[in-house]
Amino acid sequence: MIRANSRFSLSVKLVVGALALITLTEPAWAILGVWRRAAVTTAVVSTAVVTSEAAASQQAAAAASAQQAAAASAASAASAQQAAAAAQTVQKSPQQKLQELQSLYDQKLISAADYQAAKTKILNGL
């Protein structure tokens with residue numbers, strides 16, 4: 001059983017039906033009180049408007065999809081950076097940590113109390 005495509009609105013169906021009716025009639029006939037030439041012009045213009053609205057909605061959907069893909073890419077890059085940073089901190093030996101801590105203390109970036117507290121923490125972790 002073939003199921004009808006429900007994407008098209010009633011107005012689109014009416015325009016297509018009117019266009020089919022116009023193509024089957026004589027040029028001198030009037031359709032619903034409108035001469036065929038005027039009806040053809042109206043049908044062509046309405047079809048163009050409907051098609052441009054459909055194209056605009058497709059472009060908007062594509063833009064939204066691209067934004068979601070960019071956001072997902074940025075999130076994955078951030079998580080990869082965090083994983084790399086975590087891997088670097090895990091791979092450091094206590095000696096390397098103590099050398100970095102000494103370097104920070106020598107550069108006067110941390111106080112003596114902070115240095116002693118961090119040093120004790122590193123040595124307790126052995």
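Residues numbered from 1 in each chain as written. Predicted model: local features only at pLDDT ≥ 70, side-chain atom pairs only at ≥ 80, totals over all residues. Heavy atoms only, no water.

Enquirer: What is the right way to read the overall build of the protein from this model?
Expert: A count of helices and strands for the protein gives four helices and two strands. Counting the 126 residues in the protein, one finds 8% classified as buried. Surface accessibility of the protein: about 10100 Å² in total, with carbon and sulfur atoms responsible for 63%. (Helix = DSSP H or I, 4+ residues; strand = E, 2+ residues; numbered from the N terminus. Buried < 20%, exposed > 50% of the residue type's maximum accessible area, 1.4 Å probe, protein only. Areas by Shrake-Rupley, 256 points an atom, 1.4 Å probe, with all protein chains shown as cover.)

Enquirer: Sorry if this is basic, but what is going on with the packing of aromatic side chains here?
Expert: Where two aromatic rings form a pair, the distance of their centres and the angle of their planes describe that pair. Summed over all chains, the structure comprises one aromatic pair. Each ring, one from Tyr105 and one from Tyr115, has its centre 4.8 Å from the other, and the planes form 25°; the classification is stacked. Within this pair, whereas Tyr105 is found in helix H3 (residues 94-106), its partner Tyr115 is found in helix H4 (residues 112-124), the two being separated by ten residues in sequence. The class of Tyr105 is partly exposed, set by a relative accessible area of 29%. By relative accessible area, Tyr115 is classed as buried at 11%. (Phe/Tyr/Trp six-rings, centres within 6.5 Å; stacked < 30°, edge-to-face > 60°.)

Enquirer: Quick question: what am I supposed to make of H3 here?
Expert: Because each turn of an α-helix spans 3.6 residues, side chains separated by three or four positions in sequence point in the same direction. Across its 13 residues, H3 extends 18 Å between first and last C-alpha, which sits within 8% of the 18 Å expected from 1.5 Å per residue. Following H3 by one or two positions, Lys108 has its phi on the positive side, about 60°. (Expected span 1.5 Å × (residues − 1).)

Enquirer: Explanation requested: the pattern of salt bridges in the structure shown.
Expert: Summed over all chains, the structure comprises one salt bridge. Between Lys92 and Glu100 there is a salt bridge, and its shortest N-O distance comes to 3.0 Å. The class for Lys92 is partly exposed, based on a relative accessible area of 28%. (Salt bridge = Lys/Arg side-chain N within 4 Å of Asp/Glu carboxyl O.)

Enquirer: What's the story with the packing of H3 against H4 in this structure? I'm lost.
Expert: Each pair of packed helices can be described by the angle between their axes along with the distance between the axes. Direction vectors running N to C along H3 and H4 enclose 180°, while the axes themselves pass 10 Å from each other. Judged on the interaxial angle alone, H4 and H3 are roughly antiparallel. Contacts between H3 and H4 involve Pro94, Lys97, Leu98, Leu101, Gln102 and Tyr105 from the first element and Ala112, Tyr115, Ala118, Lys119, Ile122 and Leu123 from the second. Counted by class, the contact of H3 with H4 contains nine nonpolar, one polar and two charged residues. (Axes fitted to C-alpha atoms, helices over the stretch in contact; angles between N-to-C directions. Parallel < 35°, antiparallel > 145°, perpendicular 65-115°, else oblique. Contact = heavy atoms within 4.5 Å. Nonpolar A, V, L, I, M, F, W, Y, C, P; charged D, E, K, R; others polar.)

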